Amino acid sequence: MFFVETIEIEGLGNRHYLAGGARAAVAVDPPRDIDQVIAAAARRGVRITHVVETHIHNDYVTGGLELARVTGAAYLVPAAAQVSFAREPVRDGDVIEVDAGLTLRALATPGHTPHHTAYVLQESGRPVAAFTGGSLLIGTVGRPDLVEPRLTEQLARAQHASAHRLAAELPDDASVLPTHGFGSFCSSGQAEGDASTIGREKTVNAALSQDVDAFVTGLLAGLEDVPAYYAHMGPANAAGPDPVDLTAPARADAEEIAARLAAGEWVVDLRSRVAYAQGHVAGSFNFEADGKIATYLAWMIPWGKPVTLLAETPRQLAEAQRELVRVGIDRPAAAATGGPADWLRPGEAPASFRRAVFADLAAELDGKPDGSSARPVVLDVRRDSERAGGYIEGSVHIPVHLLHQRIDEVPAGTVWVHCAGGMRAGIAASLLDAAGRDVIAVDDGFDRAVDAGLTVTRPRFGRASGAA
């Protein structure tokens, strides 16, 4: 009997795997904080004998090199990947023995990267699962545009061919176990469901149901902005990441927090957007610890800029620190716990701003026609694809990941900022508040905008107002 244990990193939208038999196991695409993988092996009572990478990752820093060093496991990396460390190169068709009757077979599946390799788990020679990395995902495929713009169409065509190879060589009941696709921006689309098989993918995945030209056209048309920090992940993984240091950062008092803000450093408040709006250190930014902190903070902060973390509790701080090392933000410059009363100097008052819902915005806009000096600015910080599905008439659009670079483009006046659900609006509101703007964060679901009485323009279907 074999097992496959999934280690899910929800914030990054990735899954990592430990698979094995009674005595030994292989770790697939391990996260940087390898203690989770080691703990999983300990619970199973198995030794990690192999660590494998499907590709050089663009969306997180791998823990593979360190896990192999700590456990003494063989470190297997696709042979065509250009790396600066010793590893065992894997080529198409290679078979690795994991445990008695349990093997991995390497299948070249270029597309997400030119060197991408999937690994087929075989029990007594029969394929039972495929670790597909960024190749065939659940209902979609990995994006082909993260390596080099000139290669994008070529890699998109390779994705189609790789998906068909997997479908042809594996039985319908073989499980599809991808690394990406659960919110990761390495995926060309959101996963359709939580689990899948080759047989299911043949019916739902465009890579397997469309001809190559139609598939490539649709895939390329749907690609969105690449998170800025991705530019640093590939080189870090190719060079060989340093071991993780999760010890607590140096403690910052109110004077140091003020000094770091004055020096232009980033001070990030990890509390909920509700608590932050009620009171915070002026000039700080709000990236909720319970949100996609690693993705959005790493995307927006100038790379290498010192960051100080403000958290409610030591646990919240430790969890955020763990999230950030996964994307290469290794050591916060300083940190503090508590609340604004602990982070402000004597005599300083916390800053705050108002939160609202779409019904409040509708009431504010009522009777204030376009061009009116009293009409507020409505700022939409969703992604391009979200806005294409409908937007509030007259709103300004700047995706949240670009706002810190384009904040001067926000028109004068009170800014009502919204996203799809509230989290990104909270980030944007903190950026605007730090820039001295009068801001109101709309903490509401965009699906309630029409019912609130707002006019929502839907480009494909015309205008909707009221009950659309």
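Residues numbered from 1 in each chain as written. Predicted model: local features only at pLDDT ≥ 70, side-chain atom pairs only at ≥ 80, totals over all residues. Heavy atoms only, no water.

Turning next to the overall build of the protein chain. Counting its regular elements, the protein chain contains 16 helices and 23 strands. Dimensions of the protein chain, computed from the C-alpha atoms along their principal axes, are close to 70 × 55 × 40 Å. A burial count over the protein chain gives 55% of its 468 residues as buried. Relative to all contacts within the protein chain whose residues are 6 or more apart in sequence, the contacts with residues 24 or more apart total 67%. A total accessible area of about 18600 Å² is found for the protein chain, and carbon and sulfur atoms account for 49% of it. (Helix = DSSP H or I, 4+ residues; strand = E, 2+ residues; numbered from the N terminus. Buried < 20%, exposed > 50% of the residue type's maximum accessible area, 1.4 Å probe, protein only. Contact = heavy atoms within 4.5 Å. Areas by Shrake-Rupley, 256 points an atom, 1.4 Å probe, with all protein chains shown as cover.)

Fine structural detail should not be taken from predicted coordinates in areas where pLDDT scores are low. Put simply, the protein chain has an average pLDDT of 94, and 97% of its residues get 70 or more. Per-residue pLDDT stays below 50 along residues 461–468; that stretch engages in 17 contacts with residues further than four places along the chain or on separate chains. (pLDDT = per-residue confidence, 0-100.)

A few words now on the sheet that holds strand β14 (residues 307–311). The sheet built from four strands is open, its strands ordered β13-β12-β14-β15 with parallel pairing. Of all the strands in the sheet, just β13 (285–286) and β15 (334–337) have a single pairing partner and so form its edges. Relative to β14, strand β12 (residues 266–269) runs parallel, the two sharing four bridges. If you follow Val268 over to β14, its bridge partner there is Leu309. Taken strand by strand, helix α8 (residues 254–262) contacts β12, β14 and β15, and its axis lies near 135 degrees from that of β15. (Pairing = 2+ DSSP bridges. Axes fitted to C-alpha atoms, helices over the stretch in contact; angles between N-to-C directions.)

Examined against the element boundaries, Ala420 turns out to sit in the loop between β20 (415–418) and α16 (423–434). On the basis of relative accessible area, Ala420 is assigned to the partly exposed category, the value being 31%. On a C-alpha basis, the gap between Ala420 and Ala27 in space is 36 Å, while along the polypeptide they are 393 residues apart. Once residues within four sequence positions are removed from consideration, Ala420 is found in contact with Arg382, Glu386, Asp444, Gly445 and Phe446.

The next point concerns the sheet that holds strand β5 (residues 74–78). Reading across the sheet, the six strands line up as β1-β2-β3-β4-β5-β6 and stay open at both edges, with mixed pairing between neighbours. Strands at the two margins of the open sheet, each flanked by one partner only, are β1 (3–9) and β6 (88–90). When strand polarity is set aside, the average angle formed by the axes of neighbouring strands in this sheet is 25 degrees. In this sheet, β5 lies alongside strand β4 (residues 47–52) in parallel orientation, the contact comprising three bridges. Within β5, the position partnered with Val51 by the bridge is Tyr75. Docked against the sheet, helix α1 (residues 35–44) engages β1, β2 (14–20), β3 (24–28) and β4, running at close to 150 degrees with respect to β1. Across the face of the sheet, helix α2 (residues 64–71) comes into contact with β3, β4 and β5 while running at roughly 150 degrees to β4.

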